[in-house]
Amino acid sequence: MSKGSDQIYANPQKNIADFSFDKKVVEVFPDMISRSVPGYGDIVQGIGNIAKQVVTSGSQVYDLGCSLGAATLAIRRQIEGKQAKIIAIDNSPSMVERCQTHIDAFVSSTPVELQCADIREIKISNASLVVLNFTLQFLPPADRLQLLSTIYEGLNTGGCIVVSEKLYFKQGQIQALIDSLHLDFKRANGYSELEISQKRSALENVMKPDSIEQHFARFSDAGFKQYHSWYQRYNFCSMVAIK
Ligand SMILES: Nc1ncnc2c1ncn2[C@@H]1O[C@H](C[S@+](CC[C@H]([NH3+])C(=O)[O-])CC(=O)[O-])[C@@H](O)[C@H]1O
Ligand SMILES: O=C(O)C(=O)Cc1ccccc1
């Protein structure tokens, strides 16, 4: 297998450690996420398209849990000349280090400030767009509403939050069917049964999906009056809310 292809769970592991965004994951991250998340490429591109619509002159854009900067780069391509600033944040030092090289690889007039920090501890101000692209699901459930409330306070009127997440379905047969479709997607992308089951164990304690009803209730509790999903493939969904 070539360098950069995800083999992390290919061999049997005695004790499966909790999933973490460490150096090993960084090396294979683009391959891992595109083979694991149906619609990931469309969603990243769509976030760029949303940015083109909503980012205002002189405002700030936040990419929270930016990983290698895919959403930041898609946004930056679409807001040239708007005199906006992108603030990209991740708490994995390995991710941030590699993200900086991705950002530096392209010329742009839009500044990107990359920070290694916990997104629960940051300030948000003058924001026209805040992106949580598959990040909220990794926060402890009890911390999610506080983050959305902080984002609501920091958004300008008309500003948007985009939240992409793996969904959980409360109705058992729907959950089983859509989960099977996702597993078939992973098999079709070359993951073995062992890889699928070991990764599932590794994610169990660290990634806790909400239902769409929980997401919508949280948007409302944080203060948003307008929110909807704008993309879904199987159990992977991207939602938008507007202040
Ligand atoms: N508390 C936290 N503070 C900061 N970062 C965090 C925290 N918790 C998790 N992260 C970071 O959130 C990212 C989630 S990946 C996002 C993909 C990206 N958005 C993309 O558009 O490619 C999603 C996935 O791999 O499924 C990781 O880089 C974590 O280090
Ligand atoms: O791989 C999975 O089954 C997922 O649910 C998504 C995912 C993608 C990349 C890192 C962690 C979780």
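Residues numbered from 1 in each chain as written. Chains lettered and ligands numbered in written order. Predicted model: local features only at pLDDT ≥ 70, side-chain atom pairs only at ≥ 80, totals over all residues. Heavy atoms only, no water.

- The name an unreviewed UniProt entry gives the protein is Carboxy-S-adenosyl-L-methionine synthase, with Paraferrimonas haliotis as the organism.
- Its UniProt record gives the protein the following Subunit (unreviewed entry) comment, quoted word for word: "Homodimer."
- Check the Function (unreviewed entry) section of the UniProt entry for the protein; it says "Catalyzes the conversion of S-adenosyl-L-methionine (SAM) to carboxy-S-adenosyl-L-methionine (Cx-SAM)." (UniProt positions renumbered as here; feature names shortened; annotations may be inferred.)

**Observations regarding the layout of surface pockets**
Reasoning step 1: Of the pockets and cavities examined, the second largest pocket occupies roughly 150 Å³.
Reasoning step 2: Contributing to the lining of the second largest pocket are Ile-8, Tyr-9, Gln-13, Ala-17, Asp-18, Phe-19, Ser-20, Asp-22, Lys-24 and Val-25.
Reasoning step 3: Among the residues making up the lining of the second largest pocket, the classes are represented as five nonpolar, two polar and three charged. (1 Å grid on protein atoms, 1.4 Å probe; cavity = no way out; pocket = protein on both sides within 12 Å on 5 of 7 lines; lining within 4 Å. Points joined across faces, edges and corners; volume = space filled by probe spheres on them. Nonpolar A, V, L, I, M, F, W, Y, C, P; charged D, E, K, R; others polar.)

**A word on the packing of aromatic side chains**
Reasoning step 1: With the rule as written, the count across this model stands at nine aromatic pairs.
Reasoning step 2: Taking the ring centre of Tyr-191 as reference, the NZ or CZ of Lys-186 above it sits at 5.5 Å.
Reasoning step 3: When the ring centre of Tyr-152 is taken as origin, the NZ or CZ atom of Lys-243, which lies over that ring, is 4.5 Å away. (Phe/Tyr/Trp six-rings, centres within 6.5 Å; stacked < 30°, edge-to-face > 60°. Lys NZ or Arg CZ within 6 Å of the ring centre and 35° of its normal.)

**Examining the site of ligand 1**
Reasoning step 1: Around ligand 1 sit 22 residues in total, of which Tyr-40, Gly-65, Ser-67, Asp-90 and Asn-133 are the nearest.
Reasoning step 2: A distance of 2.7 Å separates an oxygen atom of ligand 1 from a polar atom in the side chain of Ser-67.
Reasoning step 3: In terms of residue class, the shell around ligand 1 is made up of 12 nonpolar, seven polar and three charged. (Near = heavy atom within 4 Å. Polar contact = N/O pair within 3.5 Å; in protein donor to acceptor, adjacent residues only side chain to side chain.)

**Things to note about the site of ligand 2**
Reasoning step 1: In the neighbourhood of ligand 2, the contacting residues comprise Phe-19, Met-32, Ser-36, Val-37, Phe-138, Lys-166, His-182, Lys-186, Lys-199, Leu-203, Met-207 and Phe-236.
Reasoning step 2: At a separation of 3.0 Å, an oxygen atom of ligand 2 approaches a polar side-chain atom of Lys-166.
Reasoning step 3: Lys-199 is positioned with one of its side-chain polar atoms (N or O) 2.6 Å from an oxygen atom of ligand 2.
Reasoning step 4: Alone, ligand 2 offers 320 Å² of accessible surface; in the complex the protein occludes 94% of this.
Reasoning step 5: Taken together, the elements giving at least two residues each to the shell around ligand 2 come down to helix H1 (23-36), helix H6 (172-188) and helix H7 (193-203).
Reasoning step 6: Class assignment of the residues belonging to the shell around ligand 2 gives a composition of seven nonpolar, two polar and three charged. (Areas by Shrake-Rupley, 256 points an atom, 1.4 Å probe, with all protein chains shown as cover. Helix = DSSP H or I, 4+ residues; strand = E, 2+ residues; numbered from the N terminus.)

**Focus on the packing of H6 against H7**
The description of two packed helices rests on the angle between their axes and on the distance between the axes.
Reasoning step 1: Contact pair H6 / H7: the axes reach a minimum separation of 10 Å and the direction vectors enclose 125°. When the axis of H6 is compared with that of H7, the two are oblique. Note that H6 runs across H7; the crossing there is right-handed. Taken together, the residues of H7 that come into contact with H6 (itself represented by Asp-179, Leu-183, Lys-186 and Arg-187) are Glu-193, Ile-196, Lys-199 and Arg-200.
Reasoning step 2: Its residues placed into classes, the contact of H6 with H7 shows two nonpolar, no polar and six charged. (Axes fitted to C-alpha atoms, helices over the stretch in contact; angles between N-to-C directions. Parallel < 35°, antiparallel > 145°, perpendicular 65-115°, else oblique. Left-handed = near helix turned anticlockwise from the far one by under 90°. Contact = heavy atoms within 4.5 Å.)

**Things to note about the side chain of Asp-90**
Reasoning step 1: Note on placement: Asp-90 falls in strand E2 (residues 85-90).
Reasoning step 2: The buried charged residue Asp-90 lacks any salt bridge, with Arg-120 as its nearest oppositely charged partner at 11 Å.
Reasoning step 3: Each residue touching Asp-90, except ones within four places of it in the same chain, is listed here: Gly-65, Cys-66, Ser-67, Met-95, Val-96, Gln-115, Cys-116 and Ala-117. (Buried < 20%, exposed > 50% of the residue type's maximum accessible area, 1.4 Å probe, protein only. Lys, Arg positive; Asp, Glu negative; His and termini not counted. Salt bridge = Lys/Arg side-chain N within 4 Å of Asp/Glu carboxyl O.)

**What about the state of the cysteines?**
Reasoning step 1: Enumeration over the complete set of coordinates arrives at zero disulfides.
Reasoning step 2: Here Cys-99 stays free of any disulfide, with the sulfur of Cys-66 as its closest cysteine sulfur at 4.2 Å. (Disulfide = S-S within 2.5 Å.)

**Details of the sheet that holds strand E6 (residues 226-233)**
Reasoning step 1: Pairing is mixed in the open sheet, where seven strands are placed in the order E3-E2-E1-E4-E5-E7-E6. Looking at which strands have only one partner, the edges of the open sheet turn out to be strand E3 (112-116) and E6. Strand-to-strand, the axes of this sheet are offset by a mean angle of 15°, without reference to chain direction.
Reasoning step 2: Bridge analysis of strand E1 (residues 60-64) against strand E4 (residues 127-133) gives four bridges, and the strand direction is parallel. In the sheet register, Asp-63 faces E4, and the bridge partner there is Val-131.
Reasoning step 3: Against the sheet, helix H2 (residues 40-54) engages E4, strand E5 (155-166), E6 and strand E7 (236-242), with an angle of about 175° to E4. (Pairing = 2+ DSSP bridges.)

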